[in-house]
Amino acid sequence: VEMALRKLKINYPHKAKFSYLGKSSDSFLPLKVNLAGIIPPIFANQVLGIARIIFNELLKRNEIPKNNKIAQAFYGINPFMNFVLILAVSYAYIDTYFRAGDIAERLQQKPIGVIPGIRPGSNTENYIQSIALRLVFIGAIYISIISILTHQLYVFLGFKTIPVISGTAILIVATSSIDVVTKVSNQIISEINRNKIFKVSPNESQHISKKDL
């Protein structure tokens, strides 16, 4: 899911004269399924963690009775509150940092790009925004499943303290690992292409790399 992309096809009609037999050159606008990343679960866990600390302190001081319905309801609907917070933060993050208008405006610059079947300008902006909102909902469900199921697993196993390996930690490890693998793969591919272009032997390539560093 972290590597999944929703590709929006983009045509560049003004490049048709440079393409074979007058066909327009096509490209894609990649949108990640998990557009908001790991920020929503981190924020949700912090808010719920602070609320748990407050409730626990009040229960220890007997300021809230143990049979208080509000406290029981809070712990009972904790997974639901986690999902609501993740969903709310995901949409807030998209509204703040994802600029569909900027993307639509950039497509109108030369070379002009057009999404097939969508008019340029505000229609393109609304189309991209609608797809982004649907992807945010899917990403929020995906993050919620990892975060809530991990927490419920620790509750089922009887852990009374905050788990060391939470759902957020799993997401951080996964995204960091994917980023490292992608960067290493790109570096290897660029090195192979450089050796092919300049016909450099492996020993000479290693020598040049050390010299450049």
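Keep in mind that what you see is a predicted model, and the values were worked out from it rather than measured.

**Student:** Honestly, the overall build of the chain in this entry has me stumped. Any pointers?
**Tutor:** The helix and strand tally for the chain stands at 7 helices and 2 strands. If you list the helices and strands of the chain from N to C, you get β-β-α-α-α-α-α-α-α. The proportion of buried residues among the 213 residues of the chain is 28%. A separation of at least 24 residues holds for 64% of the contacts in the chain among residues at least 6 apart in sequence.

**Student:** Would you mind showing me how to read the pattern of salt bridges here?
**Tutor:** Between side chains of opposite charge, a pair can form as their charged atoms come close. Across all of its chains, the model carries 1 salt bridge by this definition. The residue Lys183 makes a salt bridge to Asp179 at a minimum N-O spacing of 3.5 Å. Pair noted here: Lys183 and Asp179 are both in helix 6 (residues 167-198), with a separation of 4 residues, about one helical turn.

**Student:** Is there a simple way to think about the nonpolar core in this case?
**Tutor:** In a soluble, globular protein the nonpolar side chains are often hidden away together inside. With 18 residues, the main nonpolar core has Phe98 and Ile128 as its most contacted residues. Taken together, the elements giving at least two residues each to this core come down to strand 1 (5-12), strand 2 (25-32), helix 4 (100-107) and helix 5 (122-157). Per-element tally for this core: the top contributor is helix 5, with 5 residues. Non-local contacts of Phe98, meaning those with residues more than four positions away in its chain, are made with Leu31, Tyr93, Ile103, Ile128, Gln129 and Ala132. Counting residues in hydrophobic clusters, the runner-up holds 7 residues, among them Ile86, Leu87, Ala140 and Ile143.

**Student:** So what exactly am I meant to see when it comes to the packing of helix 1 (residues 39-60) against helix 3 (residues 78-97) here?
**Tutor:** Packed helices, taken two at a time, are described by the angle their axes make and the gap between the axes. Relative orientation of the contacting elements helix 1 and helix 3 amounts to 135°, with a least axis distance of 8 Å. Classified by the angle their axes make, helix 1 and helix 3 are oblique. At the point where helix 1 passes helix 3, the crossing takes the right-handed sense. Every residue of helix 3 that contacts helix 1 at Ile39, Pro40, Pro41, Phe43, Ala44, Asn45, Val47, Leu48 and Arg52 is listed here: Asn78, Met81, Asn82, Leu85, Ile86, Val89, Ser90 and Tyr93. The residue inventory of the contact of helix 1 with helix 3, partitioned by class, reads 12 nonpolar, 4 polar and 1 charged.

**Student:** Whenever I open this one, the side chain of Ser90 confuses me. Can you help?
**Tutor:** As for its position among the elements, Ser90 is in helix 3. By relative accessible area, which is 2% here, Ser90 ends up buried. Sequence-distant contacts of Ser90, that is, excluding residues within four places in its chain, are made with Ala36, Pro40, Val136 and Ala140.

**Student:** What's the story with the side chain of Thr124 in this structure? I'm lost.
**Tutor:** Checked against the element boundaries, Thr124 lands in helix 5. Setting aside residues no more than four positions away along its own chain, Thr124 makes contact with Ala104, Leu107, Ile115, Ile118 and Arg119.

**Student:** Can you walk me through a nonpolar patch on the surface in this structure?
**Tutor:** On the surface, a nonpolar cluster with roughly 450 Å² of combined accessible area is contributed by Phe137, Ile138, Ile141, Ile145 and Leu149. Following the sequence through the fold, Leu149 ends up in helix 5.

**Student:** Even after reading the chapter, I still don't get the packing of aromatic side chains, so can you show me in this structure?
**Tutor:** For any pair of aromatic rings, geometry is given as the distance between the ring centres together with the angle between the planes. Applying the stated criterion to the full structure yields 1 aromatic pair. Centroid distance Tyr93 to Tyr97: 4.8 Å. Interplanar angle 35°. Geometry classified as tilted. With a gap of 4 residues between them, Tyr93 and Tyr97 both fall in helix 3, about one helical turn apart. Its relative accessible area of 22% is what places Tyr93 among the partly exposed residues.

How each quantity is defined
- Residues numbered from 1 in each chain as written.
- Predicted model: local features only at pLDDT ≥ 70, side-chain atom pairs only at ≥ 80, totals over all residues.
- Heavy atoms only, no water.
- Helix = DSSP H or I, 4+ residues; strand = E, 2+ residues; numbered from the N terminus.
- Buried < 20%, exposed > 50% of the residue type's maximum accessible area, 1.4 Å probe, protein only.
- Contact = heavy atoms within 4.5 Å.
- Salt bridge = Lys/Arg side-chain N within 4 Å of Asp/Glu carboxyl O.
- Core = buried A, V, L, I, M, F, W, Y, C linked by side-chain atoms within 4.5 Å.
- Axes fitted to C-alpha atoms, helices over the stretch in contact; angles between N-to-C directions.
- Parallel < 35°, antiparallel > 145°, perpendicular 65-115°, else oblique.
- Left-handed = near helix turned anticlockwise from the far one by under 90°.
- Nonpolar A, V, L, I, M, F, W, Y, C, P; charged D, E, K, R; others polar.
- Patch = residues over 30% accessible without salt bridge, like charges linked within 9 Å, V, L, I, M, F, W, Y side chains within 5 Å.
- Areas by Shrake-Rupley, 256 points an atom, 1.4 Å probe, with all protein chains shown as cover.
- Phe/Tyr/Trp six-rings, centres within 6.5 Å; stacked < 30°, edge-to-face > 60°.

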